[in-house]
Amino acid sequence: EAAVTQSPRNKVAVTGGKVTLSCNQTNNHNNMYWYRQDTGHGLRLIHYSYGAGSTEKGDIPDGYKASRPSQENFSLILELATPSQTSVYFCASGDRGKETLYFGSGTRLTVL
Amino acid sequence: GMPVEQNPPALSLYEGAESGLRCNFSTTMKGVQWFQQNHRGRLITLFYLAQGTKENGRLKSTFNSKERYSTLHIKDAQLEDSGTYFCAVKVDTNAYKVIFGKGTHLHVLP
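Thresholds applied
- Residues numbered from 1 in each chain as written.
- Chains lettered and ligands numbered in written order.
- Predicted model: local features only at pLDDT ≥ 70, side-chain atom pairs only at ≥ 80, totals over all residues.
- Heavy atoms only, no water.
- Salt bridge = Lys/Arg side-chain N within 4 Å of Asp/Glu carboxyl O.
- Helix = DSSP H or I, 4+ residues; strand = E, 2+ residues; numbered from the N terminus.
- Pairing = 2+ DSSP bridges.
- Axes fitted to C-alpha atoms, helices over the stretch in contact; angles between N-to-C directions.
- Patch = residues over 30% accessible without salt bridge, like charges linked within 9 Å, V, L, I, M, F, W, Y side chains within 5 Å.
- Areas by Shrake-Rupley, 256 points an atom, 1.4 Å probe, with all protein chains shown as cover.
- Lys, Arg positive; Asp, Glu negative; His and termini not counted.
- Charge placed at Lys NZ, Arg CZ, Asp CG, Glu CD.
- Buried < 20%, exposed > 50% of the residue type's maximum accessible area, 1.4 Å probe, protein only.
- Phe/Tyr/Trp six-rings, centres within 6.5 Å; stacked < 30°, edge-to-face > 60°.
- Contact = heavy atoms within 4.5 Å.
- Buried area = accessible area lost by both parts, 1.4 Å probe.
- Polar contact = N/O pair within 3.5 Å; in protein donor to acceptor, adjacent residues only side chain to side chain.
- Nonpolar A, V, L, I, M, F, W, Y, C, P; charged D, E, K, R; others polar.
- pLDDT = per-residue confidence, 0-100.

Undergrad: It is not clear to me how the pattern of salt bridges should be interpreted in this structure. Could you clarify?
TA: Two side chains with opposite charge may pair up if their charged atoms get near one another. The final tally for this structure, using the stated rule, is 4 salt bridges over all chains. A salt bridge links Glu79(A) to Lys65(A); its shortest N-O distance comes to 3.8 Å. Linking Glu79(A) in the loop between strand E8 (75–78) and strand E9 (87–94) with Lys65(A) in strand E7 (residues 65–67), this pair joins segments that are 14 residues apart in sequence. The partner of Asp81(B) in a salt bridge is Arg58(B), with the nearest N and O atoms 2.7 Å apart. Here Asp81(B), found in the loop between strand E8 (69–74) and strand E9 (83–91), pairs with Arg58(B), found in the loop between strand E6 (52–56) and strand E7 (59–64); they are 23 residues apart in sequence, far enough to count as distant. Overlapping salt bridges bring together Arg36(A), Asp38(A) and Arg44(A) as one network.

Undergrad: What should I look at first to understand the sheet that holds E7(A) in this one?
TA: Within a sheet, each strand pairs with its neighbour through backbone hydrogen bonds, oriented either parallel or antiparallel. All names here are of chain A. With antiparallel pairing, 4 strands are arranged side by side in an open sheet as E1-E3-E8-E7. Strand pairing shows two members of the sheet lacking a second neighbour, strand E1 (4–7) and E7, which therefore form its edges. Within the sheet, the average angular offset between the axes of one strand and its neighbour, ignoring direction, is 20°. Sheet topology places strand E3 (residues 19–25) next to E8; 3 bridges connect them, and they run antiparallel. Bridge pairing links Val19 to Leu78 in E8.

Undergrad: I would appreciate a short explanation of a negative patch on the surface in the present structure.
TA: A surface patch of negative charge is lined by Glu15(B), Glu18(B), Asp76(B) and Glu80(B). For Glu15(B), a relative accessible area of 39% corresponds to the partly exposed category.

Undergrad: I would appreciate a short explanation of the packing of aromatic side chains in the present structure.
TA: Centre-to-centre distance and the angle between the planes together describe a pair of aromatic rings. Residue and element names in this part refer to chain B. By the definition in use, this model includes 11 aromatic pairs over all chains. Look at Phe25 and Phe63: their rings are 5.8 Å apart centre to centre, the planes differ by 65°, and that puts the pair in the edge-to-face class. Here Phe25, found in strand E3 (residues 19–25), pairs with Phe63, found in strand E7; they are 38 residues apart in sequence, far enough to count as distant. Both residues of the pair, Phe25 and Phe63, belong to the buried class. Ring plane angle 75° and centroid distance 6.2 Å describe the contact between Phe86 and Phe100, whose orientation is recorded as edge-to-face. Here Phe100 lies in strand E10 (residues 98–100) and Phe86 lies in strand E9, a separation of 14 residues in the sequence.

Undergrad: Help me understand the interface of chain A and chain B, please; the structure alone is not making it clear to me.
TA: When the parts of a complex come together, some accessible area is lost, and that lost area is often taken as the interface size. With 20 residues of chain A at the interface, the matching set in chain B holds 18 residues. For the pair chain A and chain B, the summed buried surface comes to about 1800 Å²; carbon and sulfur atoms form 54% of the total. At the boundary of chain A with chain B, the tally comes to 0 salt bridges. Joining chain A to chain B, the criterion identifies 5 residue pairs in polar contact (both at pLDDT 80 or more). Broken down by secondary-structure element, the contributors of at least two residues to the side of chain A that touches chain B are strand E4 (31–38) and strand E5 (42–49) of chain A. When the residues that make up the side of chain A that touches chain B are grouped by side-chain class, the tally is 9 nonpolar, 8 polar and 3 charged.

Undergrad: Can you help me understand the confidence of the model for chain B in this one?
TA: In regions of low pLDDT, the predicted coordinates are not meant to be interpreted in detail. Predicted confidence across chain B gives a mean pLDDT of 90, with 94% of residues reaching 70 or more. In the model of chain B, E10(B) stands out as the element of lowest mean pLDDT, 85, in contrast to E8(B), which has the highest, 97.

Structure, rendered in structure tokens:
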């Protein structure tokens with residue numbers, strides 16, 4: 001079973017503060033993804049990456065940056081957090097050519 | 001419109017009953033995945049299909065790329081099947097981008 005680990009599990013931030021959500025996968029997957037999940041919207045793609053050094057915009061990238069410094073790690077960065085970014089964030093990984101996604105346990109972010 | 005639409009939005013079943021969930025696509029998709037999100041919020045992969053049909057225990061899924069839909073059939077529903085079921089697709093023009101439907105909330109009643 002692929003292992004995807006997110007940290008922190010819960011985070012409370014203040015408006016205007018910087019938040020970094022981390023994701024680590026230990027299965028040498030090429031592709032990694034960041035989604036947010038909100039009631040009424042399902043999971044929406046923020047950023048994704050197809051390898052170390054690459055980041056691509058998803059469907060709702062505004063207000064977020066991503067960083068893929070290595071095959072194992074993919075971070076989501078909120079430079080200036082806003083209350084509208086209060087959500088549950090999921091990281092996922094998948095191997096090129098093998099279509100199954102593996103998800104982390106999620107990070108619950110509250111921006112006050 | 002939405003590239004991926006799921007129906008119904010919510011469903012209640014009694015234990016032992018069966019039903020189907022549907023996922024419709026607005027454009028050609030390379031494949032479909034089905035996930036269950038349990039009461040703890042964890043997303044569990046159920047199936048990936050590039051074509052045809054797959055079965056796993058009480059679950060069966062089909063993917064018809066030509067008609068642009070996929071189904072997930074649950075038989076002999078159990079309490080632990082409760083949760084939200086999502087379909088997700090890779091958009092044909094971008095093999096890396098995976099898009100989710102809004103999900104079907106399933107409640108299995110004793």
